[in-house]
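Understanding the architecture of this molecule
Single-letter residue listing:
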Amino acid sequence: MTPLHVAATGALVLLGIGLYGLLALRNLIKVIIALQIMVKGVVLALVAAGSISGQINLGQSLAVTLIVADTIVAVVGLALAVQVRRRFGSLDVQELSTLRG
Amino acid sequence: MNPAVPVSLIIVPLAASPLPYLIGRLPRRIFLTPRWIALAALAVVWVVFALMMRDYVAPVTLQFEAVAFQVDGLSLLLAALALALGTLAVIYSGPYMAGQTGEEKYYALLLVLTGAMIGLACAADLFNLWVWFEAMVICTYLLVAFYRQRPTSLEAGVKYLVQSAVGSVLVVLGIALVLAQTGTLDLAAIRQATGDATLMPVAGALFLIGFGVKLAIVPLHTWLPDAYAESPSGISAVLSGVVTKAGLVALLRVAAALAGITLSWGVLLMAFGTLNILVGNLLALRQTQIKRLLAYSSMSQIGYMLLGLGIGIYTGESSGIQGGLFHALNHGLMKGLAFFAVGAVLYALGRLSGGEHTLGIGDLRGTARRYPLIGLALTLALLSLGGVPPLAGFMSKWQIFAAGVGTGTGWIDALVIFAALNSVLSLAYYLPVINMLFQDSSSTAGQTARCLPVAIVLPVVLLAVAMLVVGLWPGALMWLTQPATSALMAAFGGL
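In what follows, the accompanying structure is described. Computed from a predicted model, the values in this text were never measured in an experiment.

Another aspect to go through is the overall build of chain A. Within chain A, the regular secondary structure consists of three helices and zero strands. Along the chain direction, N to C, the helices and strands of chain A fall in the order α-α-α. Relative to its length of 101 residues, chain A is extended, with a C-alpha radius of gyration of 17 Å against a globular reference of 13 Å. With the C-alpha coordinates aligned to their principal axes, the bounding extent of chain A is approximately 50 × 25 × 25 Å. Counting all 101 residues of chain A, 41% fall into the buried class. Across chain A, contacts joining residues at least 24 apart in sequence account for 56% of those joining residues at least 6 apart.

Okay, structure coming up:
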């Protein structure tokens, strides 16, 4: 098993964990953590892809850019979570189902 | 063309975006309000855009290390739409957003949103495209959840954020697969890449899902009605009018890059288009809130665009592609107009903040009597969305249908007939709204309504006039759709 296989497997496992968490968890902060785990899997995949194609610099710079962009999403998501806790009195995503139809 | 021109088209709105925020945070109010700063910045962008249109002859490519930009017809089309609706939304939001908490952030975000969409339009490599896409999407998260004291708005924001963020993750995964397979991210180079392509269909599917969230293709549409209905009306207009088109352009660029090696995009787009038309119409039929109704109608209109583009890509004829792009532009005008007009009624009823902020169809009763201009504009927008001749929406739908029938293929004919029947079906939810507008008696809410300021009426009138002109003289937008069509044809390799 080469390091690349390890990286690819790791990326898939992280994606799977993240996706499961996204579907199964009900706490909004945990949902955002699950999202973060998915992104970490993709970061790994980008670095591995750069290494496979011989473009190590490109892959790594993309990974760094992704981390920046993803942090902003996490910050916005957590800011929304704070407001949700304030207005709904709970972080349960099941409560967020007043809009229908 | 001087490379400074396209670069400043992207840089100016981004560089100017902190100014409205900083001015708005000043302890003492000065003459310059955040809105005027934003308008001034957009005026500069308009000048740059005019310079670029004047000098535009052929696509221009700019390369900064690994980052590539390309200004072609498709970029100009999206940039024009983004600028037009962005400017109108800034004008419109003056009275609409006056006194809201965080007003200064609103204009700053709107500027970044406009700049990011222009950047997305000009991106010529895959990662660059994603960065602009993400920048655009992050701005819209904040704008959708702008009324943060309102629980429903937060709910819409959370739903939108989670779905879009997953979509973005899948897009980056697709980018990683493309990078691993081809070793390049330049869209033109990916097209020419040869060799092993086993992962490319997977990447194509990931892109379709990822950008499809923004396009609201059918199983991924659930965020759309909430986000459109809960955001400020100016933002609903921009979201529906341009942001979905930005998703469409991103998808088309990527699809073109993968056209040679993966899936049959034409058939896929036609299939999703037809599904969107049907589901959007059926869901719109049972809406009682006008903004949600318009949101679902956006879904079905996106279906028409996809159908036109799919027909064009499948057959290699330019007429279908041109019809799809023409419909995208028209939809920007029509839906912008509809959301602005509905927002004007919300403003008149004083339902901008506080508990009651929705507008049921019943609340529109007799609006045309009290506000003839708004009533007329909304009527025109709805009839045009329903495809009534001789309005703009009819012209572009007609072009799509004509392109479909022109192929002479049986099943495409069937799709076109289905889409045309759906266009009639859509009148079933537009006409009751129009009927309500022209009722004799006013709703109780309508009797206490206040006067509308010029800044709210002006964008509505401008868009209504533009829509009428396009309807009576469909060639008026040819200068945008023609280069965009040839750019897309060239991107798909002449097919």
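Check the secondary structure of chain B and you find 21 helices and two strands. Its C-alpha radius of gyration of 21 Å places chain B within 12% of the 23 Å reference for a compact globule of 495 residues. If one aligns the C-alpha atoms of chain B with their principal axes, the spans along those axes are about 70 × 60 × 40 Å. Here chain B, with 495 residues, has 65% of them falling under the buried criterion. Sequence-distant contacts, at least 24 apart, represent 81% of the contacts inside chain B between residues at least 6 apart. Accessible area for chain B stands at about 15,900 Å²; split by element, carbon and sulfur atoms hold 68% of it. Taking the average location of the 23 positive side-chain charges in chain B and that of its 17 negative ones, the two points are 13 Å from each other.

Residues and elements named next belong to chain B. On the surface, Leu26, Ile30, Phe31, Leu32 and Trp36 cluster together into a nonpolar patch covering about 550 Å² of accessible area. For tryptophan 36, the location among the structural elements is in helix α3 (residues 34-55). Of the residues examined, tryptophan 36 reaches a relative accessible area of 46% and is grouped as partly exposed.

Glancing now at the interface of chain A and chain B. The interface of chain A with chain B comprises 36 residues on the first partner and 37 residues on the second. Summing the contributions of chain A and of chain B, the shared interface buries around 3,100 Å²; its carbon and sulfur component is 83%. Connecting chain A to chain B are zero salt bridges. There are three residue pairs in polar contact (both at pLDDT 80 or more) connecting chain A and chain B. Elements supplying a minimum of two residues to the side of chain A that touches chain B: α1 (3-24), α2 (28-52) and α3 (56-88) of chain A. Here the element with the most residues in the side of chain A that touches chain B is α3(A); it accounts for 15 residues.

A few words on the state of the cysteines. Covalently bonding the sulfur atom of one cysteine to the sulfur atom of another cysteine gives a disulfide. Residue and element names in this part refer to chain B. Scanning the entire structure with this criterion turns up zero disulfides over all chains. Cysteine cysteine 122 remains unbridged, with the sulfur of cysteine 139 as its closest cysteine sulfur at 17 Å. Overall, cysteine 122 belongs to the buried group, its relative accessible area being 1%.

Our focus in this paragraph is the pairing of strand β1 (residues 60-64) of chain B. Residue and element names in this part refer to chain B. Looking at chain direction, β1 and strand β2 (residues 67-71) are connected through five bridges and run antiparallel. Directly across from threonine 61, in β2, lies its bridge partner glutamine 70. Linking β1 back to β2 in an antiparallel pair, the connection comprises two residues, with glutamate 65 at a positive phi of about 50°.

Attention now moves to the pattern of salt bridges. Applying the stated criterion to the full structure yields nine salt bridges over all chains. Across the pair Arg26(A) and Asp92(A) runs a salt bridge, and its minimum N-O distance is 2.6 Å. Here the residue Arg26(A) occupies a position in the loop between α1 and α2, and Asp92(A) occupies one in the segment after α3, the gap between them amounting to 66 residues. The residue Arg253(B) makes a salt bridge to Asp72(B) at a minimum N-O spacing of 3.1 Å. Separated by 181 residues along the polypeptide, Arg253(B) in helix α11 (residues 233-257) and Asp72(B) in the loop between β2 and α4 (73-97) bring together distant segments of the chain.

A cluster of basic residues, Arg86(A), Arg87(A), Lys105(B) and Arg148(B), forms a positive patch at the surface. Following the sequence through the fold, Arg86(A) ends up in helix α3.

Turning to the side chain of Glu104(B), a few remarks are in order. Residues and elements named next belong to chain B. Relative to the elements of secondary structure, glutamate 104 occurs in helix α5 (residues 103-122). Relative accessible area serves as the criterion here: at 10%, glutamate 104 is assigned to the buried category. Here arginine 25 takes part through its side chain, which lies 3.1 Å from a polar atom of the side chain of glutamate 104. Excluding residues within four positions of it along the chain, glutamate 104 makes contact with Pro20, Tyr21, Gly24, Arg25 and Pro34.

Basis of the calculations
Residues numbered from 1 in each chain as written. Chains lettered and ligands numbered in written order. Predicted model: local features only at pLDDT ≥ 70, side-chain atom pairs only at ≥ 80, totals over all residues. Heavy atoms only, no water. Helix = DSSP H or I, 4+ residues; strand = E, 2+ residues; numbered from the N terminus. Rg over C-alpha atoms; globule rule 2.2 N^0.38 Å. Buried < 20%, exposed > 50% of the residue type's maximum accessible area, 1.4 Å probe, protein only. Contact = heavy atoms within 4.5 Å. Areas by Shrake-Rupley, 256 points an atom, 1.4 Å probe, with all protein chains shown as cover. Lys, Arg positive; Asp, Glu negative; His and termini not counted. Charge placed at Lys NZ, Arg CZ, Asp CG, Glu CD. Patch = residues over 30% accessible without salt bridge, like charges linked within 9 Å, V, L, I, M, F, W, Y side chains within 5 Å. Salt bridge = Lys/Arg side-chain N within 4 Å of Asp/Glu carboxyl O. Buried area = accessible area lost by both parts, 1.4 Å probe. Polar contact = N/O pair within 3.5 Å; in protein donor to acceptor, adjacent residues only side chain to side chain. Disulfide = S-S within 2.5 Å. Pairing = 2+ DSSP bridges.

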